[in-house]
Amino acid sequence: MKKRSKKYTEAVSKVEKNKAYTKEEAVKLVKETSITSFDASVEVAIRLNLDTKKADQQLRGAIVLPKGTGKTTRVLVVARGPKATEAKEAGADYVGDTDILEKIEKENWFEFDVMIATPDMMPLLGKLGRVLGPKGLMPNPKTGTVTLEVAKAVAEAKAGRVEYRTDSFGNVHGIVGKASFSEEDLLENLNAFVSTILKVKPSTAKGEYVKNISITSTMGPGIKIALNSFDK
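Reading guide: rules and limits
All residue numbers refer to positions counted from 1 along the written sequence of the respective chain. Only residues with pLDDT of at least 70 get local features here, since the model is predicted, and only at 80 or more are side-chain atom pairs given and counted; chain-wide, interface and lining totals rely on the full set of residues. To get the side-chain values, all heavy atoms of the structure are used, and hydrogens and water are removed first. Take the buried residues of types Ala, Val, Leu, Ile, Met, Phe, Trp, Tyr and Cys, join any two whose side-chain atoms come within 4.5 Å, and each joined set is a nonpolar core. Three exposure classes are used, based on accessible area relative to the maximum for each residue type with a 1.4 Å probe and protein chains only: buried under 20%, partly exposed in between, and exposed over 50%. In this description a helix means any DSSP run of H or I spanning at least four residues, a strand means any run of E spanning at least two, and both kinds are numbered starting from the N terminus. Contact between two residues is taken to exist if any of their heavy atoms lie within 4.5 Å; hydrogens are not considered. Here a polar contact is taken to be a pair of N or O atoms separated by no more than 3.5 Å, where protein atoms must pair a possible hydrogen donor with a possible acceptor and residues adjacent in sequence count only if both atoms sit in side chains. Pairs of strands are assigned from DSSP output, requiring at least two bridges between the strands. As a rule, the C-alpha atoms of each element are fitted with a line to give its axis, helices using only the stretch in contact, and angles between N-to-C directions run from 0 to 180 degrees.

Draft legend 1. Here's a closer look at the nonpolar core. Judged by nonpolar contacts, the single largest core of 33 residues is most densely connected at Ile-46, Leu-48, Phe-193 and Ile-215. Secondary-structure elements contributing two or more residues to this core are helix H2 (23-32), strand S1 (41-48), strand S6 (161-165), strand S7 (171-178), helix H8 (183-199), strand S8 (210-217) and strand S9 (223-225). When residues of this core are assigned to their parent elements, the largest contribution, six residues, is made by H8. What Ile-215 contacts, discounting residues up to four positions off in sequence, is Ala-26, Val-27, Val-30, Val-42, Glu-43, Val-44, Val-176, Leu-190, Pro-221, Gly-222, Ile-223 and Ile-225. Formed by 15 residues, the second largest nonpolar core is a distinct cluster that contains Ile-100, Ile-104, Met-115 and Leu-128.

Given below as structure tokens:
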């Protein structure tokens, strides 16, 4: 059996087992139970009542968090001509076309967090799917990373855009900030994330849509949130 650290044991003791907290209580607790020496990320996990074997019940998209993610996002844009110029002017960290794709393929270069591409570049990106896909870096129209609105996409990525997608069990995970954020900022991001997931409920979903919501910091304990906490 894995031995837990003293810090973790102390953090767990602050969380009542099986209790569902209000979102305000949960945000306060997630800050108190952050045990890392670095500024931990805060993540929300939502268990949904979805049949992910059905294509229309596989959620995928992106949210621009109102208070950002608390981390610097390095953006690569794959584009040519005026769109490449637009990307540079918008503040993209790297811009290129075949040259940058070759660098990824031959040098195993991944010094970026988000890749944005114009639709005309997608055929060239196809052969890199096997390396970009597993890293979650493959551009996708559903998440707004395959687009002609390059400047907007770069601005959103820099501002605190987070992607979400259901796993095979119908769970959705997403970062909603850092432990150093104020309770108010974490709460605003959490509300934005949850309300987005509620809005994208598939019309074919049966029964109770949201089964469970919890919040945790990196290496910290999970804190369950009462579902009615998000009622308007």
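Once the structure has been displayed, the description carries forward.
Draft legend 2. Focus on the side chain of Thr-145. For Thr-145, the position within the fold is in the loop between helix H6 (129-132) and helix H7 (150-159). At a separation of 3.0 Å, a polar atom in the side chain of Thr-145 contacts the side chain of Thr-143. Discounting residues that sit within four places of it in the chain, Thr-145 has contacts with Val-114, Met-115, Ile-116, Ala-117, Pro-139, Asn-140, Arg-161 and Glu-163.

Draft legend 3. Region of the structure containing the sheet that holds strand S3 (residues 75-78). Across the sheet, which stays open at both edges, the three strands sit in the order S4-S3-S5 with parallel pairing between neighbours. The open sheet is flanked by strand S4 (94-96) and strand S5 (114-117), the only strands paired with a single partner. For this sheet the average axis-to-axis angle between neighbouring strands, irrespective of direction, equals 15 degrees. When S3 meets S5, the two strands line up parallel, connected through four bridges. Bridge pairing links Val-78 to Ala-117 in S5.

Draft legend 4. Structural detail: the sheet that holds S7. In spatial order, the strands read S7-S1-S8-S9; together these four strands make up an open sheet with antiparallel pairing. Looking at which strands have only one partner, the edges of the open sheet turn out to be S7 and S9. Averaged over all adjacent pairs, the angle separating strand axes in this sheet is 25 degrees, with direction ignored. Contacting S1, S7, S8 and S9, H8 runs over the sheet at an angle of about 160 degrees to S7.

Geometric values such as these leave the question of function open.
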